[in-house]
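These are the residues of each chain, in order.
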2 protein chains.
Amino acid sequence: METLKVIKIGGQIINDPKKLSSFLENFATLKGPKILVHGGGKLATSLAKQMNITVTMKEGRRVTDAKTLDIITMAYAGKINKNIVATLQANYCNAIGFSGADGNTIVSKKRPVKEIDYGFVGDIKKVHTETLNLLIHLNIVPVFCAITHDTQGQLLNTNADTIASELAIAFSDNFQVELYYCFEKSGVLKSIQDETSVIKTITTKDYKTYIDQGIITDGMIPKLDNCFYAIKNKVRQIYIGMPDMIFDTTIPHTSIQK
Amino acid sequence: METLKVIKIGGQIINDPKKLSSFLENFATLKGPKILVHGGGKLATSLAKQMNITVTMKEGRRVTDAKTLDIITMAYAGKINKNIVATLQANYCNAIGFSGADGNTIVSKKRPVKEIDYGFVGDIKKVHTETLNLLIHLNIVPVFCAITHDTQGQLLNTNADTIASELAIAFSDNFQVELYYCFEKSGVLKSIQDETSVIKTITTKDYKTYIDQGIITDGMIPKLDNCFYAIKNKVRQIYIGMPDMIFDTTIPHTSIQK
């Protein structure tokens, strides 16, 4: 089977125009089928401030009311997505921007209201790969922002890490999928202050131990949950680290193993 | 040759959620290949106000500085485009949103600075139909916002009427193209106050006469220039009027003839 790279870039890269354009230049040179997934960075928050819209956080997560959804749609699917696509085109990479509504590619369901009402947040139900497959085989590169839809006309805010893992899983029937989570650290660190403390490999068993020992905490847990879910669902390789690890495998990073 | 409908909807429909959703419901039922092109409506202006960004007009046209381009990209390619796509999906119409950067579909060149510097405004140089053609043959409906790119990484603000006519012309090699300009009037009116004064047919010769007589003026001129340019370049049928004319040909409208 052919290899497909699914690469997710996080907020810190999006926030830094120089880092972003350097990343996209390298990304454009990557041979073979590839999909890019991007987060939103600080743009949504700064837009909300400029427009005097209150950002409500509940248990560390942004609550997506109707106004916030509008801002996210403008920032993620508009400004960020289109500028990434235009930059890739300038680097001879034929990209097309997608939300999950485009081509009905990612269907999600509004998260049920339990203790917390997160608003217009969607949990992914189904990834449709047919149209994307066809485009990929034409050397077109889908670029996904973190927005999905419920097929009833409602856009929904969806975690970009989850979009990347669900795309990776969905394509694993047709490709050997390599999933890359790129962020500002060199991988999962044993000590958060020490960039040299990268854990080279984490297995499911290790993961439990690290959590029990309090070495892996907070924000890394949902990210790693996505990784282990993906590795159990036929995704071949999963890497976490700085973007450079994609282009130079000697650069320290974390590899996820069953 | 198969018929392709290129339909442009203007700001007044975009500004009215009820009108827009009723239009999209009807649009979804239209059989055969189709492309939708949408304007931006008042959203960009109201966003600029909310964000305290000054809108500069020169000779009745918005000057697109970098901040305005960001707003336009957020409003047109983000909020408006993605909500149209999601609504079409809810009506079982498999839409994909496009700017001209996506798939390198519409290439433009920044308007040269002469007496007036319009800023990041692009004049269309080339429409690439290959990818769109393929999608159209899969019953996918491209939905274009009024943004193009220069292939060097720069997004550019481009008139939506022109995008519609250039798409119509580009597809005329492969399709019998019908081009519809939908707006808030029943067509080109002899008297702007009188909705019953619709001119049923305008030929190139009539057009000159109407301009000379001061019957066709102002904003209608660039719109009609687009129409006559398109009809001279193999577009088969061109109609101007309210959206309902598409679904019911007995509804008054203006038809453009060579």
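Residues numbered from 1 in each chain as written. Chains lettered and ligands numbered in written order. Predicted model: local features only at pLDDT ≥ 70, side-chain atom pairs only at ≥ 80, totals over all residues.

Caption draft 1: Representation of the overall build of chain A within the structure. Each helix and strand counted, chain A has nine helices and 14 strands in total. Here the C-alpha radius of gyration of chain A, 18 Å, is about what a compact globule of 258 residues would show, namely 18 Å. Dimensions of chain A, computed from the C-alpha atoms along their principal axes, are close to 45 × 45 × 35 Å. Classification of the 258 residues of chain A by burial places 51% in the buried group. (Helix = DSSP H or I, 4+ residues; strand = E, 2+ residues; numbered from the N terminus. Rg over C-alpha atoms; globule rule 2.2 N^0.38 Å. Buried ≥ 20, exposed ≤ 12 C-beta atoms within 10 Å, placed from the backbone.)

Caption draft 2: The arrangement of the interface of chain A and chain B in detail. Taken together, the contacts link 34 residues of chain A with 34 residues of chain B. Put simply, the parts of the chain that give the side of chain A that touches chain B at least two residues each are helix H4 (66-90), strand S5 (95-98) and strand S9 (147-149) of chain A. Among the elements that line the side of chain A that touches chain B, the one with the most residues is H4(A), at 14 residues. (Contact = placed C-beta atoms within 7 Å.)

Caption draft 3: Molecular detail of the environment of B:Ser22. Residue and element names in this part refer to chain B. Looking at where Ser22 falls in the secondary structure, it is placed in helix H2 (residues 17-29). On the neighbour-count criterion, Ser22 (14 C-beta atoms within 10 Å) is partly exposed. Along the sequence, Ser22 and Gln152 sit 130 residues apart, while their C-alpha atoms lie 39 Å from each other.

Caption draft 4: Inspection of the sheet that holds S5(A) at higher detail. Residue and element names in this part refer to chain A. Taken in spatial order, the eight strands of this open sheet run S5-S8-S2-S1-S11-S13-S14-S12, and their pairing is mixed. In the strand order of this sheet, the two ends are held by S5 and strand S12 (201-203), each with one partner. On average, each strand axis in the sheet is inclined to that of its neighbour by 20°, with strand direction left out of account. Note that strand S1 (residues 3-9) and strand S2 (residues 34-38) share five bridges and pair parallel. Across the sheet, Ile9 pairs through a bridge with His38, a residue of S2. The sheet contacts of H4 involve S2, S5 and strand S8 (141-144), and relative to S5 the element is tilted by about 170°. (Pairing = 2+ DSSP bridges. Axes fitted to C-alpha atoms, helices over the stretch in contact; angles between N-to-C directions.)

Caption draft 5: Looking closely at the nonpolar core. By size, the foremost hydrophobic cluster in this structure holds 162 residues, and its most contacted members are A:Val6, A:Ala75, A:Leu167, A:Ala168, B:Val6, B:Ala75 and B:Ala168. Discounting chain neighbours no more than four positions away, the residues touching B:Ala168 are B:Val6, B:Val177, B:Leu179, B:Ala230 and B:Val235. (Core = buried A, V, L, I, M, F, W, Y, C linked by C-beta atoms within 7 Å.)

Caption draft 6: A look at unusual backbone geometry. Here the phi dihedral of A:Asn52 falls at roughly 55°; this positive angle occurs in a residue that is not glycine. The residue A:Asn52 is located in the loop between helix H3 (43-50) and strand S3 (57-58) in this model. In this structure A:Asn52 comes out as exposed when scored by C-beta crowding, with 8 C-beta atoms within 10 Å. The residue B:Lys234 is not glycine, and still its phi comes out positive at about 75°. Relative to the elements of secondary structure, B:Lys234 occurs in the loop between helix H8 (220-232) and strand S13 (237-241).

Caption draft 7: Fine view of the sheet that holds strand S11 (residues 176-182) of chain B. All names here are of chain B. Taken in spatial order, the eight strands of this open sheet run S5-S8-S2-S1-S11-S13-S14-S12, and their pairing is mixed. Each of the sheet's edge strands pairs with one partner strand only, and the pair in question is strand S5 (95-98) and strand S12 (201-203). Neighbouring strand axes in the sheet, compared pairwise and without regard to direction, differ in orientation by 20° on average.

Caption draft 8: Inspection of the relation of the copies chain A and chain B at higher detail. Mapping chain A onto chain B is achieved by rotating through 180° and translating by 0.0 Å along the same axis, at an RMSD of 0.0 Å. When the rotation and shift are considered jointly, the pair of chain copies conforms to a two-fold rotation axis. The share of interface residues of chain A whose copies in chain B are also at the interface is 100%, consistent with both copies meeting through the same surface. (Least-squares fit on C-alpha atoms with pLDDT ≥ 70 in both.)

Caption draft 9: Broad picture of the packing of helix H6 (residues 160-171) of chain B against H8(B). Residue and element names in this part refer to chain B. Taken N-terminus to C-terminus, the directions of H6 and H8 make an angle of 5°; their axes are 9 Å apart at the nearest point. What the angle tells us is that H6 and H8 run roughly parallel. Two secondary-structure elements touch here, H6 through Asp161, Thr162, Ser165, Ala168 and Ile169 and H8 through Pro222, Lys223, Asn226, Tyr229 and Ala230. Residue composition of the contact of H6 with H8, grouped by class: five nonpolar, three polar and two charged. (Parallel < 35°, antiparallel > 145°, perpendicular 65-115°, else oblique. Nonpolar A, V, L, I, M, F, W, Y, C, P; charged D, E, K, R; others polar.)

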